[in-house]
Amino acid sequence: MSYRGTLEVPLPTLRALLEYQTEQANDCELSELADLAIREWLQRQRAKTRPAPPAGYGWKKIFLPDGTRLRVKSCSGVHYAEIVCGELIYEARPLSPNQFVTACLGNVGNAWMLIYVQLPGEGVWTQALRLRHAAEAEARRTEKRRTELTGASAPPAHPAPAGKPA
């Protein structure tokens, strides 16, 4: 059941809504158009009050928050990059992790193996590959807990070949 009520709207606002309806050759009833406008406004207001997602750089399965430092050692020295406003910045240019390694070494290398990461507020440098493995392990644990809570069984690791029983 749809309840309806009356709402006073200032005349200039009503005029603007009617003009919009005419300009768009919209088949919506005026009440539907007003309802849509109010709902969209409410959605925008609610979005403003939600906390913004943390700024940082998503690299496959790991998230590097702004302020994270990256390091690559080469025969010419140690090279540093930083995550700034969601981008990996090296020598004032945004790069991918692979491009960062290539720029430091002069040739392509395995970024997961060669990049060491220092998260904001931490003093230790951790190999990116270790962070990746930790993130993958956490994802597996989370999925296992979810499966246990819902009672659903996990799909088989290797499906049986077609025509053969499992």
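Residues numbered from 1 in each chain as written. Predicted model: local features only at pLDDT ≥ 70, side-chain atom pairs only at ≥ 80, totals over all residues. Heavy atoms only, no water.

## Some details on the overall build of the protein chain
As a reminder of what qualifies: Each helix corresponds to a stretch of at least 4 residues labelled H or I by DSSP, and each strand to a stretch of at least 2 residues labelled E; elements are numbered beginning at the N terminus. Buried means the residue's accessible area, taken with a 1.4 Å probe over protein chains only, is under 20% of the maximum for its type, while exposed means over 50%, and partly exposed covers the values in between. Between two residues, a contact is recorded if the distance between any of their heavy atoms is within 4.5 Å.
When helices and strands are counted, the protein chain shows five helices and eight strands. When burial is assessed residue by residue, the protein chain has 20% of its 166 residues classed as buried. Partitioning the intrachain contacts of the protein chain with sequence separation of at least 6 by distance along the chain shows that 35% fall at a separation of at least 24.

## Some words on the packing of aromatic side chains
Our working definition: Only rings of Phe, Tyr and Trp enter the pairing, Trp through its six-membered ring, and a pair is recorded when the two centres are within 6.5 Å. The plane angle decides the type: under 30 degrees is stacked, over 60 is edge-to-face, the rest tilted. Geometrically, a charge over a ring is one whose NZ (Lys) or CZ (Arg) sits within 6 Å of the ring centre while staying within 35 degrees of the ring normal.
All chains considered together, the criterion is met by three aromatic pairs. Aromatic side chains W59 and W112 sit 3.9 Å apart centroid to centroid with 10° between the ring planes, which places their arrangement in the stacked category. Linking W59 in strand 1 (residues 56-59) with W112 in helix 4 (residues 111-114), this pair joins segments that are 53 residues apart in sequence. With a centroid separation of 5.9 Å and an interplanar angle of 50°, the aromatic rings of Y80 and W125 are classed as tilted. Taken together, the positions of Y80 in strand 4 (residues 77-84) and W125 in the loop between strand 7 (116-118) and strand 8 (126-127) put the pair 45 residues apart, joining distant regions of the chain. Given the relative accessible area of 23%, W125 is considered partly exposed. We note R132 situated over the ring of W112; from NZ or CZ to the ring centre the distance is 4.8 Å.

## Notes on the pairing of strand 3 (residues 69-74)
Filter applied, for reference: For two strands to pair, DSSP has to find at least two bridges joining them.
In this structure, strand 3 lies alongside strand 4, joined through six bridges in antiparallel fashion. Along strand 4, the bridge assignment pairs S74 with G77. From the end of strand 3 to the start of strand 4, which pair antiparallel, there are two residues.

## Brief notes about the nonpolar core
Here is the rule we go by: Nine residue types can take part in a nonpolar core, namely buried Ala, Val, Leu, Ile, Met, Phe, Trp, Tyr and Cys, and a core is a set of them joined through side-chain atoms within 4.5 Å.
Judged by nonpolar contacts, the single largest core of 20 residues is most densely connected at W59, L64, L70, F100 and I115. Among the elements of the structure, strand 1, strand 2 (62-65), strand 3, strand 4, strand 5 (87-90), helix 3 (97-105), helix 4 and helix 5 (128-150) are those that each provide at least two residues to this core. Examining the composition of this core, we find that three residues originate from one element, helix 3, more than from any other. In contact with L64, other than residues within four places in its own chain, are G56, Y57, W59, L70, I83, V117 and L119.

## With respect to helix 5
In plain terms, the rule: Helix span, as expected, comes to 1.5 Å for every residue beyond the first.
The end-to-end C-alpha distance of helix 5, which contains 23 residues, comes to 33 Å, matching closely the 33 Å that a straight helix rising 1.5 Å per residue would cover. Among the residues of helix 5, those classed as buried are A128, L129, E136, A137 and T147. Where helix 5 is buried, its residues contact strand 1, helix 4, strand 7 and strand 8. After helix 5 finishes, the residue G151 shows a positive phi value of roughly 80°.

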